[in-house]
Amino acid sequence: MRTREELLAFLRKVAALERAGGYRNRAVFGGLGKLAPSVEDWSGPPAPEPALTHPAARLLARYGAVPTAERPEWIDRLERILSSAENSEPRVDVPEPKKASVRPPPVGPLTLNCPVTSLRGIKEQTAKLLARLGVRTVEDLVWHLPERHEDRSVVTPIAALETARDATIVARVSSAARVPFGPRKERLEAVLVDESGQVEAVWFNQPWLAQKLKPGVVASFHGAVRQRDARRQLQSAEIEFLRPPAIPSARLVPIYPLTAGLFQRGVRRMAREALQAAEGQVREDLPEELRQRLGFPGVFESLGAIHNPPSQAVLDDALERLRFGELFFLELAVAVKRHLFRDARAGVQCEDAAGLLSRLWSRLPFRLTGAQERAVADILSDLRQPQAMARLVQGDVGSGKTAVALAALVATAGSGWQGALMAPTEILAGQHFLSVRRLCADLGVGVELLVGSQGTRERRASLEAIASGASALAVGTHALFEGDVQFARLGLVVIDEQHRFGVHQRARLKLKGDNPNLLVMTATPIPRTLALTLYGDLDLSVLDEMPPGRQPIRTRALPIEKIADVYAEIAAAVSLGRQAYVVCPLVEESEKLEAEAAEATFEEVRSRWLPGARIELLHGRMPGAVKAQVMEKMRQGAADVLVATTVVEVGVDIPNATVMAVLNAERFGLAQLHQLRGRIGRGAHRSTFYPVVASRSRDVRERMRVLEKSSDGFQVAEKDLEMRGPGEFFGTRQSGLDYLPFALVAQDPDLAAAELAATREQLMRKYGEFVHRRH
């Protein structure tokens with residue numbers, strides 16, 4: 001018979017095993033209820049279950065009747081009882097198990113349309129944070145899906161930690177201290193130890209952690225390992241507090257999009273609550289015949305598996321089901337829209353009566369490529385038609401899309417109409433403004449800039465020039481479609497990097513005129529056949545030639561262990577008067593964490609790798625004026641190296657930059673890496689692109705090899721498609737998608753059949769605005 005101390009230790013181990021097993025009531029053969037009579041031995045002889053009086057015994061006896069989603073709370077309570085039992089025998093109230101049905105809110109039953117505050121534990125302040133992510137209802141929370149999943153089943157000894165890799169450790173806090181490092185900023189520095197060694201850990205601007213990370217606390221830590229001077233450091237690790245025996249929960253962990261003030265653990269709990277409330281209410285949205293033919297699980301089953309995956313295989317099936325649904329509804333929206341707008345209403349006809357275009361050609365410092373000439377001819381033909389133009393110009397990085405857009409804008413101005421060019425970032429908008437204004441200076445065409453960081457006086461002057469028609473062209477960001485912006489005669493809207501704008505944003509800018517012409521541009525390399533599918537409501541022009549004089553870019557993928565070689569190459573380039581970029585690892589969880597990672601990389605580059613160079617920092621959370629100053633330093637050659645996040649992905653044009661290193665390149669997609677590569681090689685000097693990887697997987701090696709072998713974005717896209725298939729290229733299986741949505745609409749244009757009711761509702765929920773607006 002066990003002693004009381006042995007029984008306590010055994011029950012702690014059972015609790016830890018139950019956590020590790022996913023709370024399935026299998027830590028003990030026959031369920032935890034079998035242990036209840038033994039617990040009564042603490043204070044007296046065994047008794048039948050109805051007479052159990054000790055709180056731990058009652059808890060164990062009833063555990064099997066508790067819904068799985070609530071069992072973590074019961075195991076926490078059991079461990080508190082065990083902790084108290086080491087010194088005394090307190091009586092802790094154990095509530096009756098709740099029924100498996102969804103808990104009703106104070107007023108009426110919970111529905112998908114209920115606000116998130118109807119769920120347990122979500123207060124108004126948390127609801128405001130969720131609203132930043134577009135999550136306002138129970139349904140929104142159910143569909144707030146993880147961006148990725150991490151396998152935390154493998155615990156790494158501290159001595160075996162590798163720099164620039166994510167890892168999970170189980171360690172004891174040896175020391176912890178709060179350290180200020182700037183105005184109203186602080187970091188928490190801790191030393192973590194296990195049997196193999198110790199490692200430093202740091203968290204930024206999370207003072208509440210200091211109350212929990214006390215010396216002696218044992219926890220599981222998961223995060224990225226960085227090199228700081230000669231020491232390894234765990235940065236911004238996620239923490240799972242443990243009790244002896246220290247066994248972390250072994251599972252696939254969902255990683256959600258976040259905003260400042262939200263944390264992964266809290267979002268996971270809220271997602272579980274939403275799923276429980278939504279059970280039986282989420283309708284299957286794919287046509288049932290199609291779903292069964294493709295062998296997909298149901299939509300609610302898939303959502304549950306993605307939020308709380310029991311295995312990698314089940315997760316893969318669920319992801320494939322939802323990704324297929326995304327592309328299916330996108331194509332269905334295009335098909336319905338084509339049906340609705342076969343007869344377009346009249347648009348703005350433009351004929352360059354002033355002859356501005358011919359004068360522009362004489363001022364260009366370069367000759368157009370054949371592809372550019374064909375695209376311009378397509379656009380001029382569209383502008384002369386009575387129907388509004390709707391054209392996509394797709395070109396590789398550096399293929400000359402801006403010159404094509406300028407031709408469209410100048411032709412519009414020559415017809416007496418105004419044109420607007422919208423870019424996704426202030427950096428890119430500023431560059432477009434400078435180049436357009438320079439080329440239009442001798443044409444008598446006024447150009448205005450509208451961005452969010454403008455001063456009041458400058459903005460007012462630009463607004464007046466646009467509203468009066470004194471300036472024919474406006475260049476800006478989303479500030480162009482704000483309420484106080486009025487155009488005298490808007491005839492053309494140009495959207496650069498269109499994938500960065502939502503449909504409603506493009507529509508709001510078009511509403512500034514009376515059905516103006518639309519030209520959208522993208523440098524995202526997509527095979528032509530798939531581009532026709534994705535942008536089926538637009539005519540397509542492809543820029544598949546590069547301007548003469550562009551230097552080929554050498555690409556050399558390197559493991560993180562050779563990072564010193566990369567910085568040596570950057571130092572050599574700087575010594576020759578060249579400039580370079582260091583792109584920080586992609587942090588999907590939040591822009592704030594990405595900015596903090598960029599700041600840490602900046603300090604490391606400046607102090608360790610390039611102490612003599614002039615280093616600048618650029619990330620998305622910096623004020624617009626500061627970003628503009630940093631970019632101006634790069635343009636003027638007053639900075640040698642720019643440490644940046646992916647804000648440099650599009651539009652940054654520094655011809656003197658010849659080296660780029662992308663850290664943790666395995667976190668980026670091929671298209672994004674190709675976009676980043678296009679920021680160098682824009683001058684007369686040879687350039688080198690270094691994707692630095694921390695993964696040794698076969699998939700990563702193959703993807704890096706594609707970049708090394710080809711600098712053609714369309715070839716990269718085709719190879720990506722060939723290697724991973726349509727399913728992985730878009731993240732979905734494409735079977736039947738080339739024809740099925742269009743065949744469906746041809747047979748039933750209104751999707752009126754009863755069996756398509758849920759499909760029609762989902763289409764309107766996802767793409768209703770897109771379907772019912774002209775472009």
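Residues numbered from 1 in each chain as written. Predicted model: local features only at pLDDT ≥ 70, side-chain atom pairs only at ≥ 80, totals over all residues. Heavy atoms only, no water.

**A short note on the sheet that holds strand β10 (residues 447-450)**
Line of reasoning, step 1. Here seven strands make up an open sheet; going across it, the order is β10-β11-β9-β12-β13-β8-β14 and the pairing parallel. Whereas interior strands pair on both sides, the edge strands pair on one side only; in this sheet they are β10 and β14 (539-543). This sheet shows a mean twist of 20° between the axes of neighbouring strands, independent of strand direction.
Line of reasoning, step 2. Where helix α14 (residues 426-440) meets the sheet, its contacts fall on β9 (418-422), β10 and β11 (473-476), and the angle it forms with β10 comes to roughly 170°. (Pairing = 2+ DSSP bridges. Helix = DSSP H or I, 4+ residues; strand = E, 2+ residues; numbered from the N terminus. Axes fitted to C-alpha atoms, helices over the stretch in contact; angles between N-to-C directions. Contact = heavy atoms within 4.5 Å.)

**A short note on the confidence of the model for the chain**
Line of reasoning, step 1. Per-residue confidence for the chain gives a mean pLDDT of 81, with 81% of residues at or over 70.
Line of reasoning, step 2. The secondary-structure element of the chain with the lowest mean pLDDT is helix α17 (residues 528-534), recorded at 56, while strand β17 (residues 579-583) shows the highest, at 96.
Line of reasoning, step 3. The model gives residues 41-52 a pLDDT under 50, and that stretch makes 21 contacts with residues more than four places away or in other chains.
Line of reasoning, step 4. Low pLDDT, under 50, characterises residues 725-739; the predicted model gives this stretch 38 contacts beyond four residues in sequence or across chains. (pLDDT = per-residue confidence, 0-100.)

**Re the packing of helix α12 (residues 370-383) against helix α13 (residues 401-414)**
Line of reasoning, step 1. One can describe the packing of α12 onto α13 by two numbers: an axis separation of 10 Å at closest approach and a directional angle of 30°. The pairing of α12 with α13 is recorded here as roughly parallel in orientation. Remark: the crossing between α12 and α13 carries right-handed chirality. Facing α12, whose interface residues are Q372, A375, V376, I379, L380 and L383, α13 presents A403, V404, A407, A408, A411 and T412. (Parallel < 35°, antiparallel > 145°, perpendicular 65-115°, else oblique. Left-handed = near helix turned anticlockwise from the far one by under 90°.)

**Quick notes on the packing of aromatic side chains**
Line of reasoning, step 1. Here the structure, examined in full by the defined rule, presents seven aromatic pairs.
Line of reasoning, step 2. Ring centres 5.9 Å apart and planes at 70° place the aromatic pair F181 and F204 in the edge-to-face group. Remark: F204 occurs in strand β4 (residues 197-204) and F181 occurs in strand β2 (residues 166-182); sequence separation between them is 23 residues.
Line of reasoning, step 3. Ring centres 5.1 Å apart and planes at 45° place the aromatic pair F296 and F324 in the tilted group. Within this pair, whereas F296 is found in the loop between α8 (288-294) and α9 (299-307), its partner F324 is found in helix α10 (residues 312-340), the two being separated by 28 residues in sequence.
Line of reasoning, step 4. The class of F296 is buried, set by a relative accessible area of 5%. (Phe/Tyr/Trp six-rings, centres within 6.5 Å; stacked < 30°, edge-to-face > 60°. Buried < 20%, exposed > 50% of the residue type's maximum accessible area, 1.4 Å probe, protein only.)

**Description of the pairing of strand β20 (residues 657-663)**
Line of reasoning, step 1. The buried fraction of β20 amounts to seven of the seven residues, a majority that puts the element mostly inside the structure.
Line of reasoning, step 2. Examined bridge by bridge, β20 and strand β21 (residues 687-693) share five bridges and lie parallel to one another. Paired with L663 across the strands is V692, a residue of β21.
Line of reasoning, step 3. Where the polypeptide runs from β20 across helix α21 (residues 670-677) and back to β21, its parallel neighbour, the crossover connection is right-handed. (Right-handed = clockwise from strand over helix to strand, strands pointing away.)

**Here we look at α13**
Line of reasoning, step 1. For α13, with 14 residues, the first-to-last C-alpha span of 20 Å sits near the 20 Å given by 1.5 Å per residue.
Line of reasoning, step 2. With 13 of its 14 residues buried, α13 lies for the most part within the structure.
Line of reasoning, step 3. Residue G416 follows α13 closely and has a positive phi angle near 90°. (Expected span 1.5 Å × (residues − 1).)

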